Amino acid sequence: MTWSIVTRDPETGYLAIAVATRFFAVGSVVPHIRGRIGAIASQAFSSPLYGTDGLIMLAEGKTPQEVITALTSRDDGHEQRQLHLIDSKGRNAAFTGSKCIDWAGHLVDENVSVAGNMLSGPQVIAETLSTFKKTVGKPLAERLLEAMDAGEYAGGDKRGRQSAALVIYRDQDYSWLNLRVDDHAEPLVELRRLYAVAKERFLPVTETMPTRENPSGMIDRREIDAEIARMEAERSAAGLSSASFATSPKTA
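Residues numbered from 1 in each chain as written. Predicted model: local features only at pLDDT ≥ 70, side-chain atom pairs only at ≥ 80, totals over all residues. Heavy atoms only, no water.

What follows deals with the sheet that holds strand β4 (residues 38–44). Spatial strand order, β3-β4-β5-β6: four strands in an open sheet with antiparallel pairing. Every other strand in the sheet has two partners, leaving β3 (31–34) and β6 (92–96) as the edge strands with one partner each. Adjacent strand axes in the sheet meet at a mean angle of 5° when their direction is disregarded. Looking at chain direction, strand β5 (residues 81–87) and β6 are connected through five bridges and run antiparallel. When the sheet's bridge partners are listed, Leu 83 is paired in β6 with Phe 95. Relative to the sheet, helix α1 (residues 48–59) contacts β3, β4 and β5, its axis offset from that of β4 by approximately 155°. The strands touched by helix α2 (residues 64–73) are β5 and β6; relative to β6, the strand with the most contacts, the crossing angle is about 30°. (Pairing = 2+ DSSP bridges. Helix = DSSP H or I, 4+ residues; strand = E, 2+ residues; numbered from the N terminus. Axes fitted to C-alpha atoms, helices over the stretch in contact; angles between N-to-C directions. Contact = heavy atoms within 4.5 Å.)

Right under this line is the structure:
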C-alpha cells in the first residue's frame, strides 16, 4: 500500500528513505535506518521485524541479499510482504512477495532502490527512480522530494494519498532529518513545506549537535545564531519562505 525510495549517498555515506501511501502514519512503520550500518524499508503487509532485525543482521556483516533470505525464510507471511534495503557499502537488494497487491514490484540501481505495491502501475517507481537519478548534485533531501513528487504525478498509490515521510541519517545513531506527515490530504506537499521550515532553524542547529567525534558539539550560541542569520539572508535574497513550498512543483 506504499511506494518508497531507499538510498545511500556515495560521496557522504548518508542513508535515506522517503515514502508515501494511502495509509495512516507510514513514517512510523516503513523506514528503518542506522547510521554507518544501513537503511531498510519494510512495506506491503509490513513486518517491523524486517527493519529492526534486518539492521542487526547488517551490523553483523550480512549482505542485503543474505538479510532478505534470512528474514523471509523464517516468515510464513513473506509472500505478502515487500522490503528493500542498502548497506553502508552501497550494496542493495529488494524483495516483492508474490501475494502483494498489484501493481507491485521494485527496481534496484547503483546506491538506490525503489519499491511499491498497490500502485497505479509500474510507471510510478520508474519515474521515481528516473527523477532521482536526474537530480544528482542537488541536496539529498530535495532529490528525494522531487523523486516522490514524480512518482505521485505518475499515479502514485492507486487508492489515493494520506501520509508520507522523509528520513536521513548521516554517520550518527540519531537522524539528521526525520519528517513525518501522518494524515493529510496532500502529504507530499506538506512534507515539502516541513522541509522548508526545517531549513529555517532546525537544520542549522543539527550542525551543532554532539557527535561521536565531538561529544560536546558546538556550544557557542553566537556561532549558531550567525549560521541561522546567514541562511535566513540567503532565503530572503532568493525570495523564499516556507510558504514558497506549499505547492508541489509537479502539481502547481
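Okay, back to it.
Let us look at the pairing of β4. One face of the sheet, then the other: side chains in a regular strand alternate in exactly this way. In terms of burial, β4 is a largely internal element, seven of the seven residues being buried. Inspection of the sheet shows β3 paired to β4 by four bridges, in the antiparallel sense. Looking at the pairing, Ile 33 lines up with Ala 39 of β4. Where β3 folds back on β4, the antiparallel hairpin that results is connected by three residues, among which Arg 36 adopts a positive phi of roughly 70°. In the sheet, β4 pairs with β5 via seven bridges, with the strands oriented antiparallel. Directly across from Gly 38, in β5, lies its bridge partner Asp 87. (Buried < 20%, exposed > 50% of the residue type's maximum accessible area, 1.4 Å probe, protein only.)

Below, the discussion takes up the side chain of Thr 7. Examined against the element boundaries, Thr 7 turns out to sit in strand β1 (residues 2–8). For Thr 7, the side chain forms a polar contact with the main-chain oxygen of Asn 111, separated by 2.8 Å. For Thr 7, the residues in contact, after removing those within four places along its chain, are Tyr 14, Leu 15, Ala 16, Ile 86, Asn 111, Val 112, Phe 132, Leu 140 and Leu 144. (Polar contact = N/O pair within 3.5 Å; in protein donor to acceptor, adjacent residues only side chain to side chain.)

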